[in-house]
Amino acid sequence: MWDDAFPSFLIGLREGLEAGLIVSILVATLVRAGAKSRLPQVWTGVLAAIALAMSFGAVLTFTAASLSATAQEAFGGALSVVAVAFVTAMVFWMRRSARSLSGEIKDKVTDALTMGAGMLIVTSFLAVGREGLETALFLWTTARAADESTGPLAGAGIGLVLAAGLAWGLYRRVLRIDLTRFFTATGVVLIVIAAGVLGYGLRDLQEGGVLPGKTSYAVDLSGSVDAGSWYGTLVQGVFNLTPTMTWLQMVTYVGYLAVVMSLFLRGVRAPVARAASPEPTQPTRAGASTRHRPAWVVPVAVVAVPAVLAGLVVAFGDSKRAAQTVAVSETQCGKGFTAPRAGRQTFQMHNTGHQTSEVYLVDPATNAVYGEIEGLAPGTTRDLVATVADGSYAWRCVPTGGKPVTSQAVRVTGGAGGAHAVIPVSEKDLATSLRSYKTYVDRGLAALVGQTRRLSDDIDGDRLDRARTDWLTAHRTYASLGAAYGTFEDFDQKINGRPDGLPAGVHDKDFTGFGRIEYGLWHGRNASELKAPARQLAADTVELRKAFPTQDFDPGDLPLRAHEILENTLQFELTGDADQGSGTELAVTDANLTGTRELLSVLRPLLTTRAPHLLTTVDADIARLQKLLDAEHHGAVWTPVDKLDAITRARLNGVTGQLLEDLAPVPDLLEIRKSA
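These remarks concern the structure in this document.

The rules behind each value
Residues numbered from 1 in each chain as written. Predicted model: local features only at pLDDT ≥ 70, side-chain atom pairs only at ≥ 80, totals over all residues. Heavy atoms only, no water. Axes fitted to C-alpha atoms, helices over the stretch in contact; angles between N-to-C directions. Helix = DSSP H or I, 4+ residues; strand = E, 2+ residues; numbered from the N terminus. Parallel < 35°, antiparallel > 145°, perpendicular 65-115°, else oblique. Left-handed = near helix turned anticlockwise from the far one by under 90°. Contact = heavy atoms within 4.5 Å. Buried < 20%, exposed > 50% of the residue type's maximum accessible area, 1.4 Å probe, protein only. Pairing = 2+ DSSP bridges. Patch = residues over 30% accessible without salt bridge, like charges linked within 9 Å, V, L, I, M, F, W, Y side chains within 5 Å. Areas by Shrake-Rupley, 256 points an atom, 1.4 Å probe, with all protein chains shown as cover. Salt bridge = Lys/Arg side-chain N within 4 Å of Asp/Glu carboxyl O. Lys, Arg positive; Asp, Glu negative; His and termini not counted. Charge placed at Lys NZ, Arg CZ, Asp CG, Glu CD. Disulfide = S-S within 2.5 Å. Phe/Tyr/Trp six-rings, centres within 6.5 Å; stacked < 30°, edge-to-face > 60°. Expected span 1.5 Å × (residues − 1).

Bringing the packing of helix H18 (residues 612-631) against helix H19 (residues 646-663) into the picture now. A pair of packed helices is captured by two measures, namely the crossing angle of their axes and the spacing between those axes. Between H18 and H19, the shortest axis-to-axis distance is 9 Å and the interhelical angle comes to 160 degrees. Looking at the two axes, H18 sits roughly antiparallel to H19. H18 and H19 meet at a crossing whose hand is left-handed. Together, Leu 614, Thr 617, Val 618, Asp 621, Ile 622, Arg 624, Leu 625, Leu 628 and Leu 629 of H18 and Arg 651, Leu 652, Val 655, Thr 656, Gln 658, Leu 659, Asp 662 and Leu 663 of H19 make up the contact between the two elements.

If you want it as structure tokens, here you go:
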């Protein structure tokens, strides 16, 4: 969490110390002027500034949450750029103003004392409010970049508490800090962090369609840098630098850093007077008014204003987007559904019937699905969140064992796009892909039969060196048929079983197939011990090929296997758990990747019409993983997993994990839905 917390910690510490210095100068000036009775007015202004900053953060969060995904990217990117502008101005302002800050604030306080309570409140509010707004904006930006709020908020909280302690120590003269050096050092670090935030913001604007070039990469180190490693996480969290950066990001990052850092350091070289000190000189005018107002009226009124305004913004927005309650049953669907406003909406789906039902928000003309709930039980209510834009929408309810029921369609206008729909897939749609894949598997099984016979002959003839080579060839062929494992029934345990869970482990009579032969070939067993397992393996592959055409292959399993093949690879092969002594885990991983590639090829026509960009990303991931595997393949020898160096192993795991993440939407995109 520290990598996400550090930028917020630094901004909290720096902004908090700036605000603390200002407050301490305000307080010290009043104390020296004999106007302690006016201190509540200072604290009222300070609290009002804090309330304004917190309300500003709430409004930003609400505004972003109410936008479509694309609009959120554009909104967040624009605010990231604004935050960088504020932070840049702040570091230059503090460097320039440190020498005269104390005197300027004293003059303002002295003037305010002669003009009544209101001016003193306004003076302290304006003095602290700037830091509060900058802090809120930068925290919101860093939290969005980290995609979580715990780390940034914790970092900012620690920084603010430490800043408050430092400010108190300076005020009480128990601390002496060279503030000029402090603000210079933190300014340098903040400029580096701001450069990363600027690059992140521009990437968001590219993702949101505001700026071009989102696929024009200047740097792509994803194949050689593990984004999930500790150092990758640290660099991304602190500096917002990622293994892949576009040309716009890279040029802007380098340009900003070069120009702003040069200007900042050039200004530092100029002679600077001692930084602001909370120790004031005696003002020439004392507070003219010591009249006491009711203690609670002004503070409550001033502090409440920003909070109330923020609440009104959120409440007003919620009233426009109040969740509709939509009834679901076996006989009617969509009761209570009226045309919603364009944008992100929450619908409360309430099952008033007697059967569990699946519910879909669809375009009735194309059957495209914008949102869904599976297994809505009778008498229950669940939220369905979807983004709607211009177009027609209807509800389709599919009770268990019943016929689909569709509501009347409504028309939504005024939306600028951003709604994401999934074109439903039926069993008929997957039939062509399934036939193609069955043909591929049948060819693979035919090859496997010949390869296991050759392996058995090798062992019968006591040609164990050749048997090791032929074992790997046959094992790789079987591994490349990964999507069919679920249909092989009991044959998979016989052909490719593991000793895990068997009472006698590798010596158990039920440990058979490739694993049993591998253990024997690489643990010095003689040919006589392996003849029976080899013959049984050859016989089992023959029986499997005969049985396969009649085995039940659920079409819905194809999209699931696109993710599961490599999921098992990451769990067993890349951890070394599946190895029985041959050290060929990467060879099997390569075969699993071949099987995944073949599976995606038969699913490609369906994916192209539903998520063309996903295929581009997945193809790039596969190419990166293939490159890493090829680098560990030397002739007939593959590097064993336990012989890989730490960096290579981390890269393999990282790239495989990224590929799995990018494959994760495939089952959902190609799920067989009953909405048609």
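The structure having been displayed, the exposition proceeds.
Below, the discussion takes up the pairing of strand S3 (residues 324-328). Within S3, 4 of the 5 residues are buried, which leaves it mostly tucked inside the rest of the structure. In the sheet, S3 pairs with strand S5 (residues 343-351) via 5 bridges, with the strands oriented parallel. In the sheet register, Val 328 faces S5, and the bridge partner there is Asn 351. Relative to strand S4 (residues 333-335), S3 runs antiparallel, the two being bridged by 2 bridges. If you follow Val 328 over to S4, its bridge partner there is Cys 333. In this structure, the hairpin formed by S3 and S4 is closed by a connection of 4 residues.

This brings us to helix H14 (residues 513-521). For H14, a buried count of 9 out of 9 residues is recorded, marking the element as mostly surrounded by other parts of the structure. Listed in full, the buried residues belonging to H14 are Gly 513, Phe 514, Gly 515, Arg 516, Ile 517, Glu 518, Tyr 519, Gly 520 and Leu 521. Close packing links the buried residues of H14 with helix H11 (427-460), helix H12 (464-479), helix H13 (491-496) and helix H15 (527-547).

Right, let's get into a nonpolar patch on the surface. Taken together, the side chains of Leu 47, Ile 50 and Met 54 make up a nonpolar region of the molecular surface, amounting to roughly 310 Å² of accessible area. Taking relative accessible area as the criterion, Leu 47 reaches 45% and is therefore assigned partly exposed.

What follows concerns a negative patch on the surface. A cluster of like negative charges, contributed by Glu 427, Glu 489, Asp 490, Asp 552 and Asp 554, occupies part of the molecular surface. With respect to the helices and strands, the residue Glu 489 is situated in the loop between H12 and H13.

Here we come to the state of the cysteines. Cysteine pairs can be covalently joined through their sulfur atoms, and such a bond is termed a disulfide. Scanning all chains against the criterion turns up 1 disulfide. Covalent S-S linkage joins Cys 333 and Cys 397, the inter-sulfur distance amounting to 1.8 Å. With the S-S dihedral at roughly 65 degrees, the linkage between Cys 333 and Cys 397 falls on the right-handed side. Of the two residues, Cys 333 sits in strand S4 while Cys 397 sits in strand S9 (residues 391-399), which places them 64 residues apart along the sequence.

This part is about the sheet that holds strand S8 (residues 381-388). An order of S4-S3-S5-S8 is seen for the 4 strands of this open sheet, with the pairing classed as mixed. Edge strands, defined here as strands with exactly one partner in the open sheet, are S4 and S8. Each adjacent strand pair in this sheet contributes to an overall mean axis angle of 35 degrees, direction not counted.

A separate point is the packing of aromatic side chains. Describing an aromatic ring pair means giving the distance of the ring centres and the angle of the ring planes. Evaluation of the coordinates by the stated rule reveals 11 aromatic pairs. Judged by centre distance (5.6 Å) and plane angle (75 degrees), the ring pair of Phe 337 and Trp 395 falls under edge-to-face. On the criterion of sequence distance, the pair formed by Phe 337 in the loop between S4 and S5 and Trp 395 in strand S9 is long-range, its members being 58 residues apart. For Phe 337, a relative accessible area of 11% puts it in the buried group. On the numbers, 6.5 Å between centres and 75 degrees between planes, the contact of Trp 471 with Phe 514 is edge-to-face. Placement of the pair is Trp 471 in helix H12 and Phe 514 in helix H14, with a sequence separation of 43 residues. Trp 471 gets classed as buried once you look at its relative accessible area, which sits at 0%. Residue Phe 514 is classed as buried on the basis of its relative accessible area of 0%. Among the aromatic residues, those joined into a ring-pair cluster are Trp 471, Tyr 478, Phe 488, Phe 514, Trp 522 and Phe 548.

Here H19 spans 26 Å end to end across 18 residues, near enough to the 26 Å set by a 1.5 Å rise per residue. Among all positions in H19, only Thr 648, Leu 652, Val 655, Thr 656, Leu 659, Leu 660, Asp 662 and Leu 663 are buried. Next to the buried residues of H19 lie helix H16 (557-573), helix H17 (585-608), H18 and helix H20 (665-669).

Moving on, we come to the side chain of Asp 662. As for its placement among the helices and strands, Asp 662 is situated in helix H19. There is no salt bridge for the buried Asp 662, and the closest opposite charge comes from Arg 624, which lies 5.5 Å off by N-O distance. Among residues more than four places away in sequence, those in contact with Asp 662 are Leu 614, Thr 617, Val 618 and Asp 621.

Even without a glycine there, the phi angle at Asn 367 is positive, about 70 degrees. Along the chain, Asn 367 falls in the loop between strand S6 (357-362) and strand S7 (369-376). In this structure, Asp 462 is a non-glycine residue whose phi angle is positive, near 60 degrees. Its place among the elements puts Asp 462 in the loop between H11 and H12.

What is shown is where atoms sit, not what they do.
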